[in-house]
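Fold and geometry: a report
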Amino acid sequence: MTTPTSTPTRPPLGPLLRRLTGDEKHAPSAHSTLDVLWVLYDRVLRVSPDTVDAPDRDRFLLSKGHGPAAYYAVLAAKGFIPEDWLDDLAGPESRLGHHPDRLLVPGVEIGTGSLGHGLGLAVGTALGLRAQGLTGPRVYVLLGDAELDEGANHEAIAYAGATGLDPLTAIVVDNQSASHGWPGGIASRFTVNGWTASTVDGRDHHALEDALTTRHPGRPHVVVAVVAPKEH
Amino acid sequence: MRDAFVQTTVDLLENDPRTALVLADISADRFVDAARRHPDRVLNVGIREQLMVGVAGGLALTGMRPIVHSYATFAVDRTYEQLKLDLDHQGVGAIVVTVGASYDGAEMGRTHLSPADVALIDTLTGWTVHVPGHPAEVPALLRAAAQHDGPVYLRLSTQVNDLPRPDAGQLAVVHRGSPVAPVVVAVGPMLHPVLQAVTGLDVTVTYTHTPRPFDVGGLRELLPAPDGAVAPAVVLVEPYLAGTSSAVLSEGLSDVPHRLLALGVGRADLHRYGSPADHARWHGLDPAGLRRSVSAFLG
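As the structure is a computational prediction, the values presented were derived from the model and not from experiment.

Another point: the overall build of chain B. Secondary structure assignment for chain B yields 12 helices and 11 strands. Over its C-alpha atoms chain B spans a radius of gyration of 19 Å, differing by no more than 12% from the 19 Å that the globule rule assigns to 299 residues. Seen along its three principal axes, the alpha-carbon backbone of chain B occupies a region of about 65 × 40 × 30 Å. Classification of the 299 residues of chain B by burial places 50% in the buried group. Contacts in chain B between residues far apart in sequence, at least 24 positions, make up 73% of those at least 6 positions apart.

Residues and elements named next belong to chain B. Read from one edge of the open sheet, 5 strands run 7-9-8-10-11, paired in mixed fashion. Of all strands in the sheet, those with a lone pairing partner are strand 7 (172–175) and strand 11 (259–265), marking the two edges. Pairs of neighbouring strands in the sheet enclose a mean axial angle of 25 degrees, with direction left out of account. Running over the sheet, helix 12 (residues 287–298) touches strand 10 (233–241) and strand 11 and is turned about 150 degrees from strand 10.

On to the interface of chain B and chain A. Across the boundary between the two partners, chain B contributes 24 residues, which contact 22 residues of chain A. The element contributing the most residues to the side of chain B that touches chain A is helix 3 (residues 49–61) of chain B, with 9 residues. Its residues placed into classes, the side of chain B that touches chain A shows 10 nonpolar, 9 polar and 5 charged.

The next subject is the domain arrangement of chain B. All names here are of chain B. One can read the domain layout of chain B as domain 1 (2–155) and domain 2 (172–298). Between the C-alpha centres of domain 1 and domain 2 there is a distance of 27 Å. In this complex, domain 1 contributes 22 residues to the contact, which on the side of domain 2 involves 21 residues. Those elements that provide at least two residues to the side of domain 1 that touches domain 2 are helix 6 (117–122) and strand 5 (128–130). A breakdown of the residues in the side of domain 1 that touches domain 2 according to their chemical character gives 11 nonpolar, 5 polar and 6 charged.

A few words on the sheet that holds strand 3 (residues 168–174) of chain A. Residues and elements named next belong to chain A. One open sheet holds the 5 strands; their spatial order is 1-2-3-5-4, and the pairing between them is parallel. The two strands at the open ends of the sheet, each matched to only one other strand, are strand 1 (59–62) and strand 4 (196–201). Between one strand axis and the next, the sheet turns through 20 degrees on average, direction left out of account. The pairing of strand 4 with strand 5 (residues 221–226) spans 6 bridges and is parallel. When the sheet's bridge partners are listed, A197 is paired in strand 5 with V222. Sitting on the sheet, helix 7 (residues 205–213) touches strand 3, strand 4 and strand 5, and the angle it makes with strand 4 is about 170 degrees.

A pair of packed helices is captured by two measures, namely the crossing angle of their axes and the spacing between those axes. Residue and element names in this part refer to chain A. Two elements in contact, helix 2 (residues 34–44) and helix 7, have axes whose closest approach is 10 Å; the angle formed by their N-to-C orientations is 60 degrees. Between helix 2 and helix 7 lies a crossing of right-handed hand. Judged by residue contacts, D35, V36, V39, L40, R43 and V44 of helix 2 engage H205, L208, E209, L212 and T213 from helix 7. The class makeup of the residues in the contact of helix 2 with helix 7 is 6 nonpolar, 2 polar and 3 charged.

Here we take up the UniProt feature "domain: Transketolase-like pyrimidine-binding" (unreviewed entry) in chain B. Taken from the UniProt record, the annotation "domain: Transketolase-like pyrimidine-binding" (unreviewed entry) applies to residues 1–164 of chain B. In residues 1–164 of chain B, the share of helix is 39% and the share of strand is 16%. The end C-alpha atoms are 11 Å apart.

Time to look at the pairing of strand 11 of chain B. All names here are of chain B. Relative to strand 11, strand 10 is paired through 6 bridges, and the arrangement is parallel. The residue of strand 11 that forms the bridge with L241 is V265. In this region the chain leaves strand 10, passes through helix 10 (residues 246–252) and returns to the parallel neighbour strand 11; the handedness of that crossover is right-handed.

Let us look at the packing of helix 4 (residues 118–131) of chain A against helix 3 of chain B. Between helix 4 of chain A and helix 3 of chain B, whose axes approach to 6 Å, the crossing angle comes to 50 degrees. Looking at the two axes, helix 4 of chain A sits oblique to helix 3 of chain B. For helix 4 of chain A against helix 3 of chain B, the interelement crossing comes out right-handed. Where helix 4 of chain A approaches helix 3 of chain B, its residues G120(A), L121(A), A122(A), V123(A), G124(A), T125(A), L127(A) and G128(A) are matched on the opposing element by Q50(B), L51(B), G54(B), V55(B), A56(B), G57(B), G58(B), L59(B) and L61(B). Residue composition of the contact of helix 4 of chain A with helix 3 of chain B, by class: 9 nonpolar, 8 polar and no charged.

Residues and elements named next belong to chain B. Of the two faces of strand 6 (residues 152–155), both are covered, the one formed by V152 and L154 as well as the one formed by Y153 and R155. As paired strands, strand 4 (residues 95–99) and strand 6 are joined by 4 bridges and run parallel to one another. If you follow T98 over to strand 6, its bridge partner there is R155. Examined bridge by bridge, strand 5 and strand 6 share 3 bridges and lie parallel to one another. Looking across to strand 6, one finds that V129 is bridged to Y153. Taken together, strand 5, helix 7 (residues 138–146) and strand 6 constitute a β-α-β crossover, and its handedness is right-handed.

Here we take up unusual backbone geometry. Following R212(B), the chain continues into P213(B) via a peptide bond in cis, with omega recorded as -5 degrees. The residue P213(B) is located in the loop between strand 9 (204–208) and helix 9 (216–222) in this model. Even without a glycine there, the phi angle at A90(A) is positive, about 65 degrees. Its place among the elements puts A90(A) in the loop between helix 3 (69–77) and helix 4. Under the C-beta neighbour-count criterion, A90(A) is labelled exposed, with 10 such atoms within 10 Å. Positioned with a positive phi, S102(B) is a non-glycine residue whose angle comes to about 40 degrees.

How each quantity is defined
- Residues numbered from 1 in each chain as written.
- Chains lettered and ligands numbered in written order.
- Predicted model: local features only at pLDDT ≥ 70, side-chain atom pairs only at ≥ 80, totals over all residues.
- Helix = DSSP H or I, 4+ residues; strand = E, 2+ residues; numbered from the N terminus.
- Rg over C-alpha atoms; globule rule 2.2 N^0.38 Å.
- Buried ≥ 20, exposed ≤ 12 C-beta atoms within 10 Å, placed from the backbone.
- Contact = placed C-beta atoms within 7 Å.
- Pairing = 2+ DSSP bridges.
- Axes fitted to C-alpha atoms, helices over the stretch in contact; angles between N-to-C directions.
- Nonpolar A, V, L, I, M, F, W, Y, C, P; charged D, E, K, R; others polar.
- Domains from an automatic or database assignment.
- Left-handed = near helix turned anticlockwise from the far one by under 90°.
- UniProt positions renumbered as here; feature names shortened; annotations may be inferred.
- Right-handed = clockwise from strand over helix to strand, strands pointing away.
- Parallel < 35°, antiparallel > 145°, perpendicular 65-115°, else oblique.

Below, the structure written as structure tokens:
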């Protein structure tokens, strides 16, 4: 087992992840969302532990609520939650479960677990900010490639594209885990509906940062972050 | 009722910047002018009901007060998980306003019938449910709902009573029987047929347009004392699935001797069209059917 070398700026999240999972074997790279989450919280999102309730904060919505260990580790590393919360994952008194709950965890914008809910909530969040004249904040929502199977996503993709909802950026972490795949690629599902799209190496921090921060006026944007296929 | 909803919503959009309306094509033609005036707060997402409720959840997360509207079967039955997760689980609310109550859409058949909507809402937490019996009851209910952030279900119908009774958030006595008279509770538009059905019977008739929270305290006060071994009788008449409020009443009266008859729409898919009046008759909710059920129960 080697440590990935393509992520020199990632902090030592391994110890935090091991506190959550008790798993000594897997490298941090086993967590498909880890690099995307780190880049978002380290370089992109304008939100901090002091601004989790600020109306003009950037929003990050984790739609793919499964396997939130990397999310919790990043929130702890950035000071949103105490590190010792990581030691009792899903215990009877724990605030951290196998799916995150926004009413229990500071900085968590939505409670998720059932797939296909985050993108609709993100569309509504972007619309709510716009209706209040808050044009600064961006709304990021992270999905998995298998999660795209859920039809609710396609209602949101079509509507956000048709209305040019440009404060919205979707991130699809693609570890090729959808049972029937996405022939023609994931990005095309968005671009045919009027989105702009970037498909990047989901472990490459510079590429992720560029894709997540490039503005595309008048159109929502999707970043497809490709990582190694899910381990079975 | 639909006209009252449209007019009140247009006024709210005009005067309360927190208000947002989310549509899924249904009734969009009624809000063309409002959409032109408030393009950021009148949002028609197309025929996408899951998104309609998800968008409402997102709007509420930013502090807006969303009003969601469609046929009951699409806004509640179809989107049950969005109501459960995108609103309740996130700790936010919305005002869900529906048309097509129970068999209002009889001619359109089962796909447009929604007798189970209030029962589904009942599985959620903390919802206020309004079932107005007259269009003039609608504006005040909607305006009150717009003033807070909780979850509200406003169920509009084409079935109406003769008169509005706006102050019926609690049980309102419409006809008082003798001190030993059984209590008949009519919810929303069931008051009209109930009053016809009980003509000449010694019963107390009460009415509410707000079955959640149910005015259990008011019912307890109206309940006569037991007459020997005979427990006082309560007849509940609801315009949606029969028995929807039985659990609430049984819990509220758990320490009080009582007998309960719960009337409402039956469970069966009748596979029939016709008119609302036909369905009322088939479900025993017309005056004659109610009279038969009440008389048999009271003996």
